[in-house]
Amino acid sequence: VLVLGVKGNFDDAQTGVKAIFSDRELESELKEAGIVLSSANSINWGRLAPQIAYYFSAYAQLLAAGAISFGEEIDFSVPTGNFGDILAGYMAKKAGLPVRRLICASNSNNVLTDFFDTGSYDKNRPFLRTMSPSMDILVSSNLERLLFMASGDPDRVSRWMEELRSGGRYGISEGMLEKLRREGFCGRYADEAETARTIRSLWEERRYLADPHTAVGVSAAWRERADGVPCVVLSTASPFKFAADMLRSLGREAPESGFDAQNELAALTGQTVPAPLAALKEKPERFTTAVARGEMRESIRSWLAE
């Protein structure tokens, strides 16, 4: 296994990976070594396919609880960065699940909110590092798939993606935007202050400890709540992965050590640090190599030559 850190942000890493996947010369070299590259993130359809089941499972749980009647439509609020999980929700809807709206919940990197508001996708803006890092993305890869499904026109989608690569933006027609809205899509976002308020409110009022990504989804759901329509928020991660930000959101000082922050969050809330996270403290650091995005390809070649 070759483990490389990438100096940069998520967009830098994903763009570099996609460039490697499309390098036919490198593909041939890898093939000779008996290696085929794949992706564990939502570049790979294999990531989206099982996520479709989340939506059917949630609907079944609401039915079992007597919260809805069979066939009744519900909403989903999905914390969104690369647009994979919410696209799985759309596929669940196309497969017959009664979904009324899919709320695309973003953090301060709100390129998707602007897209669903205006039809213009523009990544030419500051890249912001937030307390919900899995959503710190300005190039949402799976939106391309949605546009293909909605338009049925691969050439037009290819032109939009080329405009994004060359100029950092593209715009869809008003008719296409209205079609996406009719399919149930809307975008909302929560900045850092709103995310922190949501975390604190959920804990103080409901004793529910939501990680920052989930809190973004809850904030969007609260603002888009329709009377009589249940809304399911997709929760995403353990809050103990973001212990320092959780403490600050709850009005506490956060210690410098991430492990100390986990323990303090556990003491404050009475919850237990997940065993895999707690065990990391005793494990040795094994991988330290980090490369620039432009060095990823040659790092693979050097690894093959060893």
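Right above here is the structure, for reference.
Residues numbered from 1 in each chain as written. Predicted model: local features only at pLDDT ≥ 70, side-chain atom pairs only at ≥ 80, totals over all residues. Heavy atoms only, no water.

**A short note on the overall build of the protein**
Rule in force here: Think of it this way: any DSSP run of H or I at least four residues long counts as a helix, any run of E at least two long counts as a strand, and we number them from the N terminus. Only C-alpha atoms enter the radius of gyration, while the globule expectation follows 2.2 Å times N to the 0.38, with N the number of residues. Exposure classes here rest on a 1.4 Å probe applied to the protein chains alone. A residue is buried below 20% of its type maximum, exposed above 50%, and partly exposed in between.
Regarding its fold elements, the protein presents 14 helices and eight strands. The C-alpha radius of gyration computed for the protein amounts to 21 Å, which stays within 12% of the reference 19 Å derived for 306 residues, consistent with globular compactness. In terms of overall dimensions, the protein has C-alpha extents of about 60 × 55 × 35 Å along its principal axes. Residues classed as buried in the protein amount to 45% of the 306 residues present.

**Remarks on the sheet that holds strand E6 (residues 185-189)**
Under the convention used in this document: Strands are labelled as partners when DSSP assigns at least two bridges between them. Lines fitted to C-alpha atoms define the axes, with helix axes restricted to the stretch in contact, and inter-axis angles between N-to-C directions lie between 0 and 180 degrees.
Read from one edge of the open sheet, four strands run E6-E3-E2-E7, paired in parallel fashion. Here the strands that pair on one side only, and so sit at the sheet edges, are E6 and strand E7 (231-233). Put simply, the sheet's adjacent strands are angled 25 degrees from each other on average, direction ignored.

**What to know about the environment of Glu 163**
Cut-off, in case you're wondering: We call two residues in contact whenever any of their non-hydrogen atoms come within 4.5 Å of each other.
Looking at the secondary structure, you find Glu 163 in helix H7 (residues 154-167). Judged by relative accessible area, which is 36%, Glu 163 ranks as partly exposed. In this structure, Glu 163 is in contact with Gly 168, Arg 169, Tyr 170 and Gly 171, ignoring residues within four places of it in sequence.

**Structural notes on the nonpolar core**
What counts, and what does not: Only buried residues count toward a nonpolar core, which is a set of Ala, Val, Leu, Ile, Met, Phe, Trp, Tyr and Cys residues joined through side-chain atoms within 4.5 Å.
Within the largest apolar cluster, 44 residues are counted, with the highest numbers of intra-cluster contacts made by Phe 76, Phe 83, Leu 143, Leu 147 and Tyr 170. Beyond its immediate chain neighbours, meaning those up to four positions away, Leu 143 contacts Phe 83, Leu 112, Phe 115, Phe 116, Tyr 121 and Tyr 170.

**Looking at the packing of helix H6 (residues 143-151) against helix H8 (residues 174-182)**
Worth spelling out the cut-off: Convention used here: angles under 35 degrees read as roughly parallel, angles over 145 as roughly antiparallel, angles from 65 to 115 as roughly perpendicular, and any remaining angle as oblique. Each residue receives one of three labels: charged for Asp, Glu, Lys and Arg, nonpolar for Ala, Val, Leu, Ile, Met, Phe, Trp, Tyr, Cys and Pro, and polar for the others, Gly being one of them.
At their nearest, the axes of H6 and H8 sit 11 Å apart, and the two run at 100 degrees to each other. Classified by the angle their axes make, H6 and H8 are roughly perpendicular. Residues Leu 146, Leu 147, Ala 150 and Ser 151 of H6 touch H8, and the partners they reach there are Met 176, Lys 179 and Leu 180. Residue composition of the contact of H6 with H8, grouped by class: five nonpolar, one polar and one charged.

**With respect to the packing of aromatic side chains**
Definition in use: Note on aromatic pairs: the rings of Phe, Tyr and Trp (six-membered ring only in Trp) are paired at centre separations within 6.5 Å, and the planes decide the class, stacked below 30 degrees, edge-to-face beyond 60, tilted for the rest.
Per the stated rule, a full pass over the model turns up 10 aromatic pairs. Look at Tyr 55 and Phe 76: their rings are 4.7 Å apart centre to centre, the planes differ by 70 degrees, and that puts the pair in the edge-to-face class. One end of the pair, Tyr 55, is in helix H3 (residues 45-64); the other, Phe 76, is in strand E2 (residues 74-79), and 21 residues separate them in sequence. Centroid distance Tyr 90 to Phe 185: 5.3 Å. Interplanar angle 50 degrees. Geometry classified as tilted. Within this pair, whereas Tyr 90 is found in helix H4 (residues 84-94), its partner Phe 185 is found in strand E6, the two being separated by 95 residues in sequence. Residues Tyr 90 and Phe 185 agree in their burial class; the two are buried. Grouping aromatic residues by their ring pairs yields a cluster made of Phe 83, Tyr 90, Phe 115, Phe 116, Tyr 121, Trp 160, Tyr 170 and Phe 185.

Functional significance is not addressed by these values, which are geometric in nature.
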